[in-house]
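Now for the letters of each chain:
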Amino acid sequence: MTTTAAPLTIPFRFFDVHVVRTRRLGPSMVRVTFGGPDLGELTAGGRDQRFKLFLPQPHQDAPVLKDRGEGWYTTWRTQDPAERAVMRSYTVRAHRADPAELDVDFALHGAGPAATDTGGPAARWAARAEPGDRVTVLAPVAADNGGVDFRPPPGTDWILITGDETALPAVAGILEWLPPGTRAKVWIEVPHADDRQELPTLADADITWIVREEVPGDHRQPLLDAVRAAELPEGAPYAWIAGEAGTVKALRRHLVREREFERRAVKFTGYWRRGASEEDLIAELTAGTAPSDED
Ligand SMILES: Cc1cc2nc3c(=O)[nH]c(=O)nc-3n(C[C@H](O)[C@H](O)[C@H](O)COP(=O)(O)OP(=O)(O)OC[C@H]3O[C@@H](n4cnc5c(N)ncnc54)[C@H](O)[C@@H]3O)c2cc1C
């Protein structure tokens, strides 16, 4: 898992924002549009631009962050977990200047409007978000920032992109960004057929949707099966893989060991891990017990 426990605050800053509107994109995804007084300063790098989202606890109406300076992460860690803001990683799906708005697409993973529904705090928050709800984001103020991972080197002949629904906002951003005519092979796994989206791109992209509910039997890693079975183009590849950490690792291993991709031509990021919340992952990183990405 390559989640960064404490992202650099330069060139990032905290923004207090509120929900302007929400829109259901499909059975498993909701788009939340945020607005806020300073949001015009947010400058994302496009592609898979990550940021940190801070949510209130269920009994609060705004997230509690006692320190917004350089030492914010240390202070956040020492705050009472039941009172401090819930911190999660998300992707800038889109941002606009006038009016200043930020779109974030949330995978709901089991969360719905009922209080008894499953899903983690972020999915539950998104499922119930209403105009006016307050959150804080730690987001970039410069386009060239360390929160963009998709960086194909010069000399790349074609691009391989693969991810699940949590990576779909990043995949959409990457496809929008790719120069016209770039050759790309894309595999995206989503829970339901209606979770598929239009993905505008000028790239020469061959997009395959894998719908989990349509996969027969107990195939745990349909993305891996699909990529394994694929005929890949000739030439120098660059691969970007994100989603569930176990699947990401297996895909990377396949590309490096069986397809002989150069290691540095494969950017891979565990966006979540089955059975572990983001707090668990941060705790592992802090304790130095996180499993190696290189396994
Ligand atoms: C750089 C980066 C960018 C990301 N961008 C996005 C994004 O734009 N949109 C988005 O939806 N997600 C995104 N994610 C993934 C998101 O941060 C995780 O899914 C996160 O765990 C959700 O928090 P939560 O509070 O809902 O669940 P948590 O409290 O973290 O986890 C609770 C339980 O739910 C499980 N779980 C978490 N996510 C899923 C899932 N998708 N499906 C099934 N079970 C799950 C966990 O394994 C755990 O058992 C991103 C992650 C990273 C690292």
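Residues numbered from 1 in each chain as written. Predicted model: local features only at pLDDT ≥ 70, side-chain atom pairs only at ≥ 80, totals over all residues. Heavy atoms only, no water.

1. Things to note about the site of the ligand
In the vicinity of the ligand lie 24 residues, with Arg 88, Ser 89, Ala 107, Ala 122 and Arg 273 positioned nearest. The side chain of Thr 91 places a nitrogen or oxygen atom 2.8 Å from a nitrogen atom of the ligand. The backbone of Ala 107 places a nitrogen or oxygen atom 2.7 Å from an oxygen atom of the ligand. Calculation on the ligand without its partners gives an accessible area of 920 Å², and the protein chains cover 89% of this total. Spatially, the ligand is embedded in the largest pocket. Put simply, the parts of the chain that give the shell around the ligand at least two residues each are β4 (86-91), β6 (100-107), α2 (121-128) and β12 (266-272). No other element matches β4, which puts four residues into the shell around the ligand. (Near = heavy atom within 4 Å. Polar contact = N/O pair within 3.5 Å; in protein donor to acceptor, adjacent residues only side chain to side chain. Areas by Shrake-Rupley, 256 points an atom, 1.4 Å probe, with all protein chains shown as cover. 1 Å grid on protein atoms, 1.4 Å probe; cavity = no way out; pocket = protein on both sides within 12 Å on 5 of 7 lines; lining within 4 Å. Sits in = over half its atoms within 2 Å of the grid points. Helix = DSSP H or I, 4+ residues; strand = E, 2+ residues; numbered from the N terminus.)

2. Focus: the environment of Glu 260
With respect to the element layout, Glu 260 can be found in the loop between α5 (245-258) and β12. In the structure, Glu 260 is positioned 19 residues away from Ile 241 in sequence and 16 Å away in space, judged by C-alpha atoms.

3. Some thoughts on the nonpolar core
Most often, soluble globular proteins have nonpolar side chains that are buried together. Judged by nonpolar contacts, the single largest core of 27 residues is most densely connected at Phe 34, Phe 106 and Trp 125. For this core, the secondary structure elements donating two or more residues are β1 (12-26), β2 (29-35), β3 (50-55), β4, β6, α2 and β7 (134-140). Ranked by the residues each element gives to this core, the list is headed by β6, at four residues. With sequence-adjacent residues up to four places away left out, Trp 125 is seen in contact with Val 19, Val 32, Phe 34, Leu 55, Pro 56, Phe 106, Asp 133 and Val 135. (Core = buried A, V, L, I, M, F, W, Y, C linked by side-chain atoms within 4.5 Å. Buried < 20%, exposed > 50% of the residue type's maximum accessible area, 1.4 Å probe, protein only. Contact = heavy atoms within 4.5 Å.)

4. So, the packing of aromatic side chains
Taken as a whole, this structure holds twelve aromatic pairs when the rule is applied. Between Trp 72 and Tyr 73, the ring centres sit 5.6 Å apart and the planes meet at 75°, which makes this aromatic pair edge-to-face. Residue Trp 72 is classed as buried on the basis of its relative accessible area of 1%. Assessed through its relative accessible area of 11%, Tyr 73 is described here as buried. Aromatic pair Tyr 73 and Trp 76: ring centres 6.1 Å apart, planes at 20°, arrangement stacked. Linking Tyr 73 with Trp 76, this pair stays in helix α1 (residues 72-78), spanning three residues, or about one helical turn. Judged by relative accessible area, Trp 76 falls into the buried class, the value being 2%. Clustering of aromatic rings is evident, with ring pairs tying together Phe 14, Phe 54, Trp 72, Tyr 73 and Trp 76. Taking NZ or CZ as reference, Arg 13 lies 4.3 Å from the ring centre of Phe 15, over its face. Across from the ring centre of Trp 76, 3.9 Å away, lies the NZ or CZ of Arg 84, which sits over that ring. (Phe/Tyr/Trp six-rings, centres within 6.5 Å; stacked < 30°, edge-to-face > 60°. Lys NZ or Arg CZ within 6 Å of the ring centre and 35° of its normal.)

5. Digging into helix α4 (residues 222-229)
Here α4 has its buried residues at Pro 222, Leu 223, Leu 224 and Val 227. Looking at the packing, one finds that the buried side of α4 touches β8 (158-163), β9 (183-190), β10 (204-211) and α5.

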